[in-house]
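The chain contents come next:
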Amino acid sequence: MPKSQVRKKKVYTPPTDVRPTATAATRKPSPVWLPVTAVALIVGGIGWLVVYYLSEQAYPVMSWGYWNLAVGFGAMVASLVLLSRWR
């Protein structure tokens, strides 16, 4: 059985001037309102859609029609945007 070759190159280390200056330890944690607001938006969006479907499109705002779907899903997408900023 042939013997495997020994690695001749050194392990690559990036230059120090290219490394990011902010580390995970120096970043501030998220404020308390961020996850609370995100959860409220998720619950509100789901609640809006449930009311819209169960009322046979009469509530929350009858004149908006299918735009009620945009409001419900928009609230849930806004919560995802907020949660992407959470640390």
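Look up a bit, the structure's there.
Residues numbered from 1 in each chain as written. Predicted model: local features only at pLDDT ≥ 70, side-chain atom pairs only at ≥ 80, totals over all residues. Heavy atoms only, no water.

Some details on the overall build of the protein
Thinking step 1. The helix and strand inventory of the protein stands at 2 helices and 0 strands.
Thinking step 2. Across its three principal directions, the C-alpha atoms of the protein cover 75 × 40 × 20 Å.
Thinking step 3. Looking at the protein residue by residue over its 87 residues, the buried ones come to 17%.
Thinking step 4. In the form shown here, the protein has an accessible surface area of approximately 7800 Å², with 68% of it arising from carbon and sulfur atoms. (Helix = DSSP H or I, 4+ residues; strand = E, 2+ residues; numbered from the N terminus. Buried < 20%, exposed > 50% of the residue type's maximum accessible area, 1.4 Å probe, protein only. Areas by Shrake-Rupley, 256 points an atom, 1.4 Å probe, with all protein chains shown as cover.)

Observations concerning unusual backbone geometry
Thinking step 1. Pro-60 follows Tyr-59 through a cis peptide bond whose omega is -10 degrees.
Thinking step 2. With respect to the helices and strands, Pro-60 occurs in the loop between α1 (33-54) and α2 (67-84).
Thinking step 3. Non-glycine residue Glu-56 carries a positive phi angle of around 55 degrees.
Thinking step 4. Locating Glu-56 in the fold gives a position in the loop between α1 and α2.

Observations regarding α1
Thinking step 1. Along its 22 residues, α1 runs 31 Å from first to last C-alpha, staying within 8% of the 32 Å computed at 1.5 Å per residue.
Thinking step 2. Those residues of α1 not exposed but buried are Leu-34, Pro-35, Ala-38, Gly-45, Leu-49 and Tyr-52. End-on, the buried residues of α1 take up no more than an arc of 135 degrees, which puts them together on one face. Turned more than 90 degrees off the buried face of α1, the exposed positions are Trp-33, Val-36, Val-43 and Leu-54.
Thinking step 3. Elements that come into contact with the buried residues of α1 comprise α2.
Thinking step 4. Looking one or two places after α1, you find Glu-56, whose phi comes out positive at around 55 degrees. (Expected span 1.5 Å × (residues − 1). Arc of directions from axis to C-beta. Contact = heavy atoms within 4.5 Å.)

Comments concerning a nonpolar patch on the surface
Thinking step 1. There is a patch of nonpolar side chains on the surface, built from Ile-46, Val-50 and Leu-54 and spanning about 300 Å² of accessible area.
Thinking step 2. One can find Val-50 in helix α1.
Thinking step 3. Overall, the relative accessible area of 42% leaves Val-50 in the partly exposed class. (Patch = residues over 30% accessible without salt bridge, like charges linked within 9 Å, V, L, I, M, F, W, Y side chains within 5 Å. Salt bridge = Lys/Arg side-chain N within 4 Å of Asp/Glu carboxyl O.)

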